[in-house]
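# Report on the structure
Below, each chain spelled out in residue letters.
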Amino acid sequence: MIYGRGSFNQVDEIIAPHRKSMNPMVFFVDYFFEGKPLASGVPLRSNDKIIFADVTHEPKTTYVDLLANQLKDEFGIISGVVGIGGGATMDLAKAVSLMMTNPGSSADYQGWDLVKFPGVYKVGIPTLSGTGAEVSRTTVLTGPTRKLGMNSDFTPFDQIVLDPALTKNAPSNQRFYTGMDCYIHCIESLQGTYLNEFSKSYGEKALQLCQEIYVDKNGWDDDCDDKLMMASYAGGMSIAYSQVGVAHAVSYGLAFLLGTKHGIGNCIVFDKLEEYYPAAVKEFKYMVEKNNIEIPQGICRGLSDEDFNKMIDVSLGMKPLWENALGKDWESIITREKLRALYERL
Ligand SMILES: NC(=O)c1ccc[n+]([C@@H]2O[C@H](COP(=O)([O-])OP(=O)(O)OC[C@H]3O[C@@H](n4cnc5c(N)ncnc54)[C@H](O)[C@@H]3O)[C@@H](O)[C@H]2O)c1
Ligand SMILES: [Fe+2]
């Protein structure tokens, strides 16, 4: 792991020892940066390739398979992949790396410990802070039948480069939603039943950084970018040995049915979770107001019984999240009726 302002300039040097003869490095760059200075700073050598990742939707298994197959057809073997962008681009890079060496479709590996072989060398470089995708052992993909990660020991990046300068121009709403993903990771980990000293150590630090940025400070400056990047890292480490909770479980249902994105979806749900995380929801509402952010309301208005049932099924399927949040008896606490009432309020 490398951290520091300007560390992006070291990428050429960092990846050099991992170049294998004439096999290229492939850079996945968030399409927001097409034509921007960051894209011209990508250290392309010989037959290296840059692919602008379309992250209009969260990554799909079909998109991962398409990219991996194109690279196999064009080059056979590649030296590695470098993912530069938000959580979606980093996840895409992780998944393509794995699909360069594992047969079949990425949908075959959605689950836990199904990936058979290490992928090609992979580097993660975030341009938005909060998801923790830079440290996690998963890459979240929407497949033909489910939205589920490729969770495995082969999934984490070999190298990450944390350069807070890359997050400077992120739009404030998006930056808040993704930053709150981190805040919510901390709350759900620290107040969960799976908590342990490892998760607590990282979770407390990440939470403190989030509070310094969103509660104590007035306005956004470089120091906020520095802190949020480390909060994202520590928040991701915290959930590596625990689990997320109610907001994530409920927002997965929204994502599946309505395509609601991870960061904003978590905010929409967390805003209504006073029963489960009273103090944190109060603080969340304060942060929303202080930072002038809009949280969409009424997104489930007009949905049919069938729609609600689909979301409830997806959400209740996230068993470890509910168990972490509510304990072993979670099934008697979060009934279908209760969850339906919660979805109706969103
Ligand atoms: N693997 C994991 O552990 C993990 C954890 C949480 C979330 N995720 C995934 O991460 C994704 C969400 O990631 P995210 O919240 O970082 O957002 P994102 O990657 O979806 O990007 C959101 C938007 O911000 C733009 N963007 C990115 N960097 C920018 C910058 N510096 N300036 C301006 N615009 C910029 C993108 O083009 C996009 O339009 C989801 O696909 C989710 O499933 C993965
Ligand atoms: Fe998250």
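Residues numbered from 1 in each chain as written. Chains lettered and ligands numbered in written order. Predicted model: local features only at pLDDT ≥ 70, side-chain atom pairs only at ≥ 80, totals over all residues. Heavy atoms only, no water.

### Looking at the environment of Val 314
In this structure, Val 314 sits in helix H11 (residues 305-316). Once the C-alpha coordinates of Val 314 and Leu 257 are considered, the two residues, 57 residues apart in sequence, prove to be 9.1 Å apart. Not counting residues up to four positions away in its chain, the partners in contact with Val 314 are Tyr 252, Gly 253 and Phe 256. (Helix = DSSP H or I, 4+ residues; strand = E, 2+ residues; numbered from the N terminus. Contact = heavy atoms within 4.5 Å.)

### Examining the nonpolar core
Among the nonpolar cores identified, the biggest contains 59 residues, and Tyr 183, Phe 270, Leu 273, Tyr 277, Trp 322 and Tyr 343 are the most heavily contacted of them. In this structure Trp 322 touches Val 246, Ala 249, Val 250, Ser 315, Leu 316, Gly 327, Trp 330, Ile 334 and Leu 339, once residues within four positions along its chain are discounted. (Core = buried A, V, L, I, M, F, W, Y, C linked by side-chain atoms within 4.5 Å. Buried < 20%, exposed > 50% of the residue type's maximum accessible area, 1.4 Å probe, protein only.)

### A few points about the site of ligand 1
Around ligand 1, 26 residues are found, and the nearest of them are Asp 30, Gly 87, Thr 127, Ser 136 and Thr 178. Within the contact set of ligand 1, an oxygen atom lies 2.5 Å away from a side-chain nitrogen or oxygen of Asp 30. Surface burial for ligand 1 is 92%, taken as the share of its 860 Å² of free accessible area covered by protein chains. Mapped by element, the contributors of at least two residues to the shell around ligand 1 are helix H4 (87-99) and helix H5 (172-190). For the shell around ligand 1, the class distribution of residues is 12 nonpolar, 10 polar and four charged. (Near = heavy atom within 4 Å. Polar contact = N/O pair within 3.5 Å; in protein donor to acceptor, adjacent residues only side chain to side chain. Areas by Shrake-Rupley, 256 points an atom, 1.4 Å probe, with all protein chains shown as cover. Nonpolar A, V, L, I, M, F, W, Y, C, P; charged D, E, K, R; others polar.)

### Some points on the side chain of Asp 181
Looking at the secondary structure, you find Asp 181 in helix H5. No salt bridge is formed by the buried Asp 181. Its closest oppositely charged neighbour is Lys 147, at 9.6 Å. Beyond its immediate chain neighbours, meaning those up to four positions away, Asp 181 contacts Gly 130, Thr 131, His 248, His 262 and Asn 266. (Lys, Arg positive; Asp, Glu negative; His and termini not counted. Salt bridge = Lys/Arg side-chain N within 4 Å of Asp/Glu carboxyl O.)

### Some words on the packing of helix H8 (residues 246-258) against H11
Across the interface, H8 lies against H11 with an axial gap of 8 Å and an inter-helix angle of 130°. By the angle class used here, H8 and H11 are oblique. Once H8 is placed against H11, the crossing between them reads as right-handed. Residues Ala 249, Val 250, Tyr 252, Gly 253, Leu 254, Phe 256 and Leu 257 of H8 pack against Asp 307, Lys 310, Met 311, Val 314 and Ser 315 of H11. Grouping the constituent residues of the contact of H8 with H11 by class yields eight nonpolar, two polar and two charged. (Axes fitted to C-alpha atoms, helices over the stretch in contact; angles between N-to-C directions. Parallel < 35°, antiparallel > 145°, perpendicular 65-115°, else oblique. Left-handed = near helix turned anticlockwise from the far one by under 90°.)

### Things to note about the packing of aromatic side chains
One pass over the structure, following the stated rule, counts eight aromatic pairs. Pairing Phe 32 with Phe 33 gives two aromatic rings, centres 5.0 Å apart and planes at 85°, and the pair type is edge-to-face. The interplanar angle of 90° and the centroid separation of 6.3 Å between the aromatic rings of Tyr 183 and Phe 270 together place this pair among those described as edge-to-face. Of this pair, Tyr 183 sits in helix H5 while Phe 270 sits in helix H9 (residues 262-270), and the two are 87 residues apart along the sequence. We note that Tyr 183, like Phe 270, is buried. Among the aromatic residues, ring-to-ring pairing joins Tyr 183, Phe 270, Tyr 277 and Phe 284 into one connected group. Above the face of the Tyr 252 ring, Lys 147 is positioned so that its terminal group lies 4.9 Å from the ring centre. The ring of Trp 220 has Arg 175 lying over it, and the distance from NZ or CZ to the ring centre is 3.8 Å. (Phe/Tyr/Trp six-rings, centres within 6.5 Å; stacked < 30°, edge-to-face > 60°. Lys NZ or Arg CZ within 6 Å of the ring centre and 35° of its normal.)

### Comments concerning the coordination of the iron ion (ligand 2)
Protein-derived coordination of the iron ion (ligand 2) comes from Asp 181 (OD), His 185 (NE2), His 248 (NE2) and His 262 (NE2), at a distance range of 2.1 to 2.2 Å. Viewed at the metal, the four donor atoms of the iron ion (ligand 2) are separated by angles of 86 to 169°, and the geometry they form is irregular. Here the donor residues of the iron ion (ligand 2) are spaced in sequence according to D-x3-H-x62-H-x13-H. Of this pair, Asp 181 and His 185 both sit in helix H5, four residues apart, which is roughly one turn of that helix. You can call His 185 buried: its relative accessible area is 3%. (Donors = N, O, S within 2.8 Å, 3.2 Å for Na, K, Ca; no water. Tetrahedral: all angles 85-135°; square planar, octahedral: opposite > 155°, others 65-115°.)

### Focus on the side chain of Asp 225
By secondary structure assignment, the location of Asp 225 is in helix H7 (residues 222-240). The buried charged residue Asp 225 lacks any salt bridge, with Arg 5 as its nearest oppositely charged partner at 4.5 Å. A distance of 3.1 Å separates the side chain of Asp 225 from the side chain of Trp 220, its partner in a polar contact.

### A few points about the environment of Val 42
For Val 42, the position within the fold is in the loop between helix H2 (37-40) and strand E3 (49-53). For Val 42, a relative accessible area of 6% gives the class buried. Sequence separation between Val 42 and Gly 83 is 41 residues, and the spatial gap between their C-alpha atoms is 11 Å. Here Val 42 is in contact with Phe 8, Phe 27, Val 29, Ile 50 and Ile 84, once residues within four sequence places are set aside.

### A closer look at the sheet that holds strand E8 (residues 147-151)
Taking strand neighbours across the sheet as the criterion, the three strands line up as E5-E8-E7 in an open arrangement whose pairing is mixed. Whereas interior strands pair on both sides, the edge strands pair on one side only; in this sheet they are strand E5 (111-112) and strand E7 (140-142). The sheet contact formed by E5 and E8 spans two bridges and is parallel. By the bridge assignment, Trp 112 is partnered in E8 with Asn 151. (Pairing = 2+ DSSP bridges.)

Remember, this is a structural readout, not a statement about activity or role.
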